[in-house]
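Secondary and tertiary structure notes
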Amino acid sequence: MAESPTLNATARAGTGKGAARSARREGLVPGVVYGGGSDPIAINVKFNELLKMLKAGKFLSTLLNLKIDGKDNRVICRGVQRDVVKDLPTHVDFLRLSAKSRINLFIPVEFINEDKCEPLKRGGSLSVLRPEVELKVTAADIPDHITVDLEGLEMGDTITISAVDLPKGTRPMITDRDFVIASITAPKTIGADDDDEDAGEDDADTEGEEAAAEETAE
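The following paragraphs examine the structure supplied in this document. (Residues numbered from 1 in each chain as written. Predicted model: local features only at pLDDT ≥ 70, side-chain atom pairs only at ≥ 80, totals over all residues. Heavy atoms only, no water.)

Digging into the sheet that holds strand β8 (residues 125-128)
Note the cut-off: Any two strands between which DSSP finds at least two bridges are classified as paired. Only DSSP runs of H or I reaching four residues or more are called helices, and only runs of E reaching two or more are called strands; each is numbered from the N terminus. Working convention: axes come from line fits to C-alpha atoms, limited for helices to the stretch in contact. Angles between N-to-C directions cover 0 to 180 degrees.
Taken together, three strands build an open sheet; the order of strands is β8-β13-β11 and the sheet is antiparallel. Of all strands in the sheet, those bounded by a partner on one side alone are β8 and β11 (158-160). Sheet twist, expressed as the mean angle between neighbouring strand axes with direction ignored, is 15°. Bridge count for β8 against strand β13 (residues 180-185) is four bridges, and the pairing is antiparallel. Bridged to Leu126 within β13 is Ile184.

Some points on helix α2 (residues 47-56)
Every α-helix carries 3.6 residues per turn, so stepping three or four residues along brings you back to the same face. Basically, it comes down to this: The buried label applies to any residue whose accessible area, calculated with a 1.4 Å probe on protein chains only, is under 20% of its type's maximum; exposed applies above 50%, and partly exposed to all values in between. The directions considered for the arc run from the helix axis to the C-beta atoms. What makes two residues a contact is simply this: any of their non-hydrogen atoms within 4.5 Å.
Those residues of α2 that fall on the buried side of the exposure criterion are Leu50, Leu51, Met53 and Leu54. Viewed end-on, α2 has its buried residues packed into an arc of 160°, placing them on one side of the element. Across α2 from its buried face, at more than 90 degrees, point the exposed residues Asn48, Lys52, Lys55 and Ala56. Those residues of α2 hidden inside the fold are in contact with β1 (6-11), β2 (28-35), β3 (38-46), β4 (64-68), β5 (71-82) and β6 (89-96).

Thoughts on the pairing of strand β9 (residues 132-138)
Across seven bridges, the pairing between strand β7 (residues 102-112) and β9 is antiparallel. Considered in β9, the bridge of Phe106 is made with Glu134. Here β9 runs beside strand β12 (residues 171-172); their pairing, made up of two bridges, is antiparallel. Counted as the bridge partner of Leu135 is Pro172 from β12.

If you want it as structure tokens, here you go:
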């Protein structure tokens, strides 16, 4: 299972606008954790730590280990409120997950057997369109990655999601089409460019010869 990033938090005794404003003055972002068959918990998280994770991207689809006063909680963010002027986080909501919870996550794609792919050995390139794929997974069985085997592929082949063996209990979030993950592209040929350059040089030489002939005739 993939290792989840950790976000530290502390339980917040007070609730309401007054307690939230007090937390923000101390460089904290108030929030709440709910779900998972337990009572909601009011929390504070460090502003800088939360902002760093937000800037990293895909925060709403990243499984997190929310450590509340040292106790681990498996959560996923379900909402971030922001200041309308500064666009900075002012409140955050987390959903507590059970082992059977189904969630959407971006899972990295790993390519194997590049050394056994004949087109790549002949100078072709692996063009990756999706280094990550959004999947619906079970919280207790989240894969580290999905694997694409490049052995046996031919020049010009495309690799779609249907060609990938997905882990048990997972499915792609895009279901209306067989989307492309990567393709094998042919090496860029230099001969065509050289021919164009040679043709240009020949045209220039011909124009020069014609101009000289016209001057002699005059």
